[in-house]
Amino acid sequence: MLIQSSLWQDFSRLSRQLKAGKIMPDDYHRLVSDYSCRCCQLATMLERQNSSLLHEWCLRYALFTLAEGAVNPQHTAMQRQVCMDMLYMPLIALTRLYRRQPQGQAELAALHAKLKYCFACL
């Protein structure tokens, strides 16, 4: 249980830091990298525990947190690009998840539509 608790705490802490945006530009790459890594670790743990809803939630939350960072006008171009570069991790995991589900194609289409909407403001 300690591992679960620390993974959740790290994921939550890194998410808050990322959303707050009060990180020095030089530290931003490390923050996004740590956040993406923690998301993958947490998602893997949740998948192994057959917590399908939490697994999906974790990946979607990370995907849209990174997407928000990629379109945030208050971020530098480098910060936005770092977020954009890391979007693939939760996106690939969600794509795999949805392809295994009966209604997965519809879920995947809805996910792509939400992402398209998110990036429409660019």
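So, a few notes on the structure that sits alongside this text. (Residues numbered from 1 in each chain as written. Predicted model: local features only at pLDDT ≥ 70, side-chain atom pairs only at ≥ 80, totals over all residues. Heavy atoms only, no water.)

### Some words on helix α3 (residues 52-71)
Under the 1.5 Å per step criterion, the end-to-end length of α3 is 29 Å for 20 residues, consistent within 8% with the ideal 28 Å. For α3, a buried count of 14 out of 20 residues is recorded, marking the element as mostly surrounded by other parts of the structure. (Helix = DSSP H or I, 4+ residues; strand = E, 2+ residues; numbered from the N terminus. Expected span 1.5 Å × (residues − 1). Buried < 20%, exposed > 50% of the residue type's maximum accessible area, 1.4 Å probe, protein only.)

### Overview of the packing of α3 against helix α6 (residues 104-119)
Following both chains from N to C, one finds α3 and α6 inclined at 20°, their axes separated by 10 Å at the closest point. Taken together, the axes of α3 and α6 are roughly parallel relative to one another. Crossing of α3 against α6: the hand is right-handed. Facing E56, R60, L63, F64, A67, A70 and V71 of α3, the residues of α6 in contact are E107, L111, K114, L115, C118 and F119. Classifying every residue of the contact of α3 with α6 gives 9 nonpolar, no polar and 4 charged. (Axes fitted to C-alpha atoms, helices over the stretch in contact; angles between N-to-C directions. Parallel < 35°, antiparallel > 145°, perpendicular 65-115°, else oblique. Left-handed = near helix turned anticlockwise from the far one by under 90°. Contact = heavy atoms within 4.5 Å. Nonpolar A, V, L, I, M, F, W, Y, C, P; charged D, E, K, R; others polar.)

### Observations concerning the pattern of salt bridges
The final tally for this structure, using the stated rule, is 5 salt bridges. As a salt-bridge pair, R30 and D34 come within 3.2 Å of each other at their nearest N and O atoms. With R30 and D34 both in helix α2 (residues 25-48) and 4 residues apart, the pair spans about one turn of that helix. For R30, a relative accessible area of 58% translates into the label exposed. When its relative accessible area of 27% is taken as the criterion, D34 is described as partly exposed. Across the salt bridge formed by R100 and E47, the nearest N and O atoms sit 3.1 Å from each other. Of this pair, R100 sits in the loop between α5 (88-99) and α6 while E47 sits in helix α2; the two residues are 53 residues apart in sequence, bridging distant segments of the chain. (Salt bridge = Lys/Arg side-chain N within 4 Å of Asp/Glu carboxyl O.)

### Brief notes about the packing of aromatic side chains
Any two aromatic rings considered together are summarised by their centre-to-centre distance and by the angle between their planes. Using the criterion set out here, one finds 5 aromatic pairs in the structure. Relative to Y35, the ring of F11 lies with its centre 5.2 Å away and its plane at 10°, an arrangement referred to as stacked. One end of the pair, F11, is in helix α1 (residues 2-20); the other, Y35, is in helix α2, with 24 residues separating them in the sequence. For the residue pair F11 and Y35, the accessibility class agrees, reading buried in each case. Ring geometry for W57 versus Y61: centroids 4.9 Å apart, planes at 25°, classification stacked. (Phe/Tyr/Trp six-rings, centres within 6.5 Å; stacked < 30°, edge-to-face > 60°.)

### Focus: helix α4 (residues 77-86)
The set of residues buried in α4 consists of Q79, V82, C83 and M86. One side of α4 carries all its buried residues, which in axial view fall inside an arc of 95°. Buried-residue contacts for α4 involve α2, α3 and α5. (Arc of directions from axis to C-beta.)

### Details of the nonpolar core
Counting 34 residues, the largest nonpolar core has V32 and L66 as the members making the most contacts within it. Broken down by secondary-structure element, the contributors of at least two residues to this core are α1, α2, α3, α4, α5 and α6. Apart from residues lying up to four places away in sequence, L66 is in contact with L18, V32, Y35, S36, C83, M86, L87 and P90. (Core = buried A, V, L, I, M, F, W, Y, C linked by side-chain atoms within 4.5 Å.)

### Here we look at the layout of surface pockets
Roughly 180 Å³ of internal volume is contained in the largest pocket. Surrounding the largest pocket, 13 residues form its lining, T44, E47, H55, A93 and R96 being those nearest its centre. At the level of secondary structure, the elements contributing two or more residues to the lining of the largest pocket comprise α2, α3 and α5. Looking at the lining of the largest pocket residue by residue, the classes come out as 8 nonpolar, 2 polar and 3 charged. (1 Å grid on protein atoms, 1.4 Å probe; cavity = no way out; pocket = protein on both sides within 12 Å on 5 of 7 lines; lining within 4 Å. Points joined across faces, edges and corners; volume = space filled by probe spheres on them.)

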